[in-house]
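Remarks on the overall topology
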Amino acid sequence: MMQTHPGVPTLVEQVDLLGHHAAGHRDAARRGELGQFFTPAPLARLMGAMLPTGQRYVSLLDAGAGVGTLFSAGVEALVVSPTPPQTIDVTAYEIDQKLLPYLRETMQLCQQLCEARQIDFRGHIIEHDFIVHAVEQLRMPLFSERPSIYTAAILNPPYKKIRSDSTHRRLLSSVGIETSNLYTAFLALTIKLLAQRGHLIAITPRSFCNGPYFRPFRELLLREMALQNLQIFESREQAFQEDNVLQENIILGAEKGVPSPDTVTIVIRHSPDDELPQAHEVPYEHVVVPGDPERFIRFVADSSGQAVAMQIAGLACSLAELGLSVSTGRVIDFRAAPFLRQLPEPGTTALIYPTHLRNGAVIWPRPESKKPNAIIDSTDVQDLLVPNGWYVLVKRFSAKEERRRVTAAVYDPGIVATHYVGFENHLNYYHVAGQGMDETLARGLAAFLNSTLVDLYVRQFNGHTQVNATDLRALRYPHRQQLLAIGARVGRRLPTQSELDTIIREELLVTTSAAGDPLRIQQRLGEALAVLRDLGFPRAQLNERSALTLLALLDLKPGDPWSAASNPLCGITPMMGFFFQHYGKLYKPNTRETVRRLTVHQFLDAGLIIANPDNPTRPINSPKAVYQIAPEALTLLRTYTTSEWPRQLQAYLARVVSLRERYAQERAMSRIPVQLATGELISLSPGGQNTLIEQIIKEFAPRFTPACEVLYVGDAAEKFAYFARERARELGINVDAHGKMPDVVLYYGKKDWLLLIEAVTSHGPIDAKRRSDLARLFQEARPGLVYVTAFLTRQAMREYVSVISWETEVWIAESPSHLIHFNGERFLGPH
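Remember, it's a predicted structure, so these values are computed and weren't measured experimentally. (Residues numbered from 1 in each chain as written. Predicted model: local features only at pLDDT ≥ 70, side-chain atom pairs only at ≥ 80, totals over all residues. Heavy atoms only, no water.)

Thoughts on the packing of helix α8 (residues 182–193) against helix α9 (residues 215–224)
Taken N-terminus to C-terminus, the directions of α8 and α9 make an angle of 30°; their axes are 10 Å apart at the nearest point. In this view, α8 runs roughly parallel relative to α9, as classed from their interaxial angle. Taken as a pair, α8 and α9 cross one another with a handedness that is left-handed. In contact with T184, L187, A188 and I191 of α8, α9 contributes F217, L220, L221 and E224. Partitioned by chemical class, the residues of the contact of α8 with α9 number six nonpolar, one polar and one charged. (Axes fitted to C-alpha atoms, helices over the stretch in contact; angles between N-to-C directions. Helix = DSSP H or I, 4+ residues; strand = E, 2+ residues; numbered from the N terminus. Parallel < 35°, antiparallel > 145°, perpendicular 65-115°, else oblique. Left-handed = near helix turned anticlockwise from the far one by under 90°. Contact = heavy atoms within 4.5 Å. Nonpolar A, V, L, I, M, F, W, Y, C, P; charged D, E, K, R; others polar.)

Structure follows, in structure tokens:
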């Protein structure tokens, strides 16, 4: 077993190390062949915590276990819960022979953990293809008469298409499962193997939530399971960052054989270990709309999203009621290759690809394009062409991070003097019974499809880059007269997104709900992000949280002009209230420290805001701390959207360095001086945890680690207040600016210990998660790791006693000569 003396890694930490070792010896081609993507530890912990507790017996299935990261996280979560089970029975499937030794070691680690807690553990490794083995079980005589064997399942299924003529496809069909991808096949079989009231926790691509190919799976899922928890990651890159997976992923939590709940918990995260997720209770009928024949699963993330869904649902017409249809382009270029031409020539007609769509119109031909521009106009290809006329074209595929999910353009028949035209297969086209439509109607329809309203709605059910004709048929549309009115206002010009959304708002009478106008909200958030980008903030701050923080500090509501911005004193909690009241974005109250650390701190560094201008001696991490937009920044921001903005921005950026220096001098007047054992003097910002950090260096270190070296000291206002970087490297400590460092790091050479100390005043102690994070951050360090949580008083410690991690130490400044060790086993004995 892998250990770090003197602390002991958690079960998930140990299995994560096994996973890293296994990944280093894996053949990428083999992993691709199997559709394997290993589950990172933070993701596994998040999913393990979703398993229900309180059961005496748990039978847990992990189909496609890899090294066992997921089921081990589940076992760990069950074992440490307030009501652990008496028996845990794990079944893990894995066919990769190279992973089996690691998987067996994981089973042993689970066995040891359960034995230490007097829990009966049974582990079964099945070295067979899960699809083949599960189908055999489902085909067993009287299978339906005996209870299913799994009370819960936790899985990260493989992602790979299944050929229609494959053995897997035939086996699945034999038990009533029709699907074209391994991940939905694994989920469908797992659902069938679960007991009644069994729980499914799975991370999968979001693509099953819409589209015709996954409709049979959605029908099975929604018939057998009640959705309870859906978690989505804002960034495509975060869930499986190490594998460079750009598929949009979700975590699905559901229970079998129970009625659908009134609400579904929808959580939005930036990453698996995001400290500031948005969580909303959304009515079930907003997630799965009653009567929807496609059974789409929608992510209605907040009250603003609900307003969008209600607005679309309230539109007058279906596509059929408008007398319109939408189809996929008929020209599949590799099949029609003999008839394609790079440039137009006599006897050809226009062939339109997605590359020809630009700013709401079709630009043809494009001689510089690698795609053909023309197709032979002859009877041989007549069935691939459509009569020349006015059409609305929509890209079927968008770039991974393209600004809009739906990109529409008007096809003008005047671009080519022929009777027919070709649309390539990567386009959808709107038509009237196979013919073109009225020009004004086409312009109105394209404008509607390009609106922010439609984009926000489609993103609720479409989590991938493909927009199917089925998705477009599922939309509600304005009635014909409204589309004609929109088309007349748009005309042949190309309006900006803001202008287009204003037209849509006025013509469709977009209602203002309690959450506000969803179009104005989205527009204002986009503007705030553009401001931060213009000010030079790095990518880590270019997110919704930062945009909301800026708007709260400016007291700028969705409908206010930028010229109305102000700079009231504002604390973190009022900011979060502003997020929800005016923008419908709900963050949990206990995450205010994260807002301060991940956004406000960076605004301070940039000189954009000032901390505690009413009382500079107030600690920067005090619950009473307030912030204010700096006067110079306010003057600049009031000019946004005006012709003055570029000139004012350039002047502001030229003098922002001197502004930062001035504010830094003001903050430096009341800093805390701290002298290290080497005689070096450092200073910390006033109050808060820094008062406790001073005591750690002056009182704790001489008593318990005499003659130690101070390697690192953090600051409430400055992360790296002191860092002996070269000495740290000598000890194998390699951390970067993104690592969540402890407040103080000491090296005690006499015993070759590295002490990682958290000073607790406003944020939490070293709990199990924090201990795991620190172990990972310092995993390359040569000395043994010792984890210490420091409090000012015993009273301060009382709030956190229940969550402090085992095998850690606690020091209390008011009783400086004593330590409390959390786990009596190691030091059990007479004193």
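Concerning the state of the cysteines
Taken as a whole, this structure holds zero disulfides when the rule is applied. For C110, which is in no disulfide, the shortest distance to another cysteine sulfur is to C114 and amounts to 6.6 Å. (Disulfide = S-S within 2.5 Å.)

Describing the pattern of salt bridges
Here the structure, examined in full by the defined rule, presents 31 salt bridges. Residue R459 is joined to D455 by a salt bridge in which the shortest nitrogen-to-oxygen separation is 3.0 Å. Of this pair, R459 and D455 both sit in helix α13 (residues 452–461), separated by four residues, roughly a single helical turn. Among the ionic pairs, R727 bridges to E709, the shortest N-O distance being 2.9 Å. Within this pair, whereas R727 is found in helix α24 (residues 725–730), its partner E709 is found in strand β25 (residues 709–713), the two being separated by 18 residues in sequence. Taking relative accessible area as the criterion, R727 reaches 26% and is therefore assigned partly exposed. The class for E709 is partly exposed, based on a relative accessible area of 30%. Residues joined in a network through salt bridges with shared partners are D16, K769, D773 and R776. (Salt bridge = Lys/Arg side-chain N within 4 Å of Asp/Glu carboxyl O. Buried < 20%, exposed > 50% of the residue type's maximum accessible area, 1.4 Å probe, protein only.)

What to know about the sheet that holds strand β30 (residues 808–812)
Judged by pairing direction, the sheet is mixed, and its seven strands sit side by side in the order β26-β25-β27-β28-β29-β30-β31 without closing on themselves. Strand pairing shows two members of the sheet lacking a second neighbour, β26 (722–723) and β31 (819–822), which therefore form its edges. In this structure, β30 lies alongside β31, joined through four bridges in antiparallel fashion. When the bridges of β31 are listed, T808 appears paired with F822. Along the sheet, helix α23 (residues 689–704) contacts β25, β27 (744–748), β28 (753–760), β29 (784–791), β30 and β31; its crossing angle with β28, the most-contacted strand, is approximately 145°. Across the face of the sheet, helix α25 (residues 768–777) comes into contact with β28, β29 and β30 while running at roughly 140° to β29. (Pairing = 2+ DSSP bridges.)

Thoughts on the environment of A195
Looking at the element boundaries, A195 is found in strand β5 (residues 194–205). Taking relative accessible area as the criterion, A195 reaches 16% and is therefore assigned buried. Along the sequence, A195 and S59 sit 136 residues apart, while their C-alpha atoms lie 9.6 Å from each other.

Digging into the packing of helix α17 (residues 518–534) against helix α18 (residues 544–553)
The geometry of α17 relative to α18 is characterised by a closest axis approach of 9 Å and an angle of 95° between their N-to-C directions. Considered as vectors, α17 and α18 are oriented roughly perpendicular to each other. Of α18, the residues touching α17 (which contributes R524, L525, A528, L529, V531 and L532) are E544, S546, A547, L548, L550 and L551. When grouped by side-chain class, the residues that make up the contact of α17 with α18 number nine nonpolar, one polar and two charged.

Points about the pairing of strand β18 (residues 408–411)
On β18, burial covers both faces: A408 and V410 on one face and A409 and Y411 on the other are all buried. Across four bridges, the pairing between strand β17 (residues 391–395) and β18 is antiparallel. When the sheet's bridge partners are listed, L393 is paired in β18 with A409.

Some words on the packing of aromatic side chains
As enumerated under the stated definition, the model contains 25 aromatic pairs in all. Plain terms: the ring middles of Y391 and Y411 are 6.4 Å apart, the flat faces sit at 45° to each other, and that makes the pair tilted. Linking Y391 in strand β17 with Y411 in strand β18, this pair joins segments that are 20 residues apart in sequence. With respect to class, Y391 is no different from Y411; both count as buried. (Phe/Tyr/Trp six-rings, centres within 6.5 Å; stacked < 30°, edge-to-face > 60°.)

A closer look at the sheet that holds strand β2 (residues 87–93)
Overall, mixed pairing links the nine strands, which are arranged β3-β2-β1-β4-β5-β7-β6-β8-β9 in an open sheet. Each edge of the sheet is formed by a strand with only one pairing partner; in this case those strands are β3 (120–126) and β9 (278–283). Each strand of the sheet is rotated relative to its neighbour by a mean of 15°, with strand direction disregarded. The strands touched by helix α3 (residues 41–48) are β4 (150–155), β5, β6 (225–233), β7 (249–256) and β8 (263–269); relative to β5, the strand with the most contacts, the crossing angle is about 155°.

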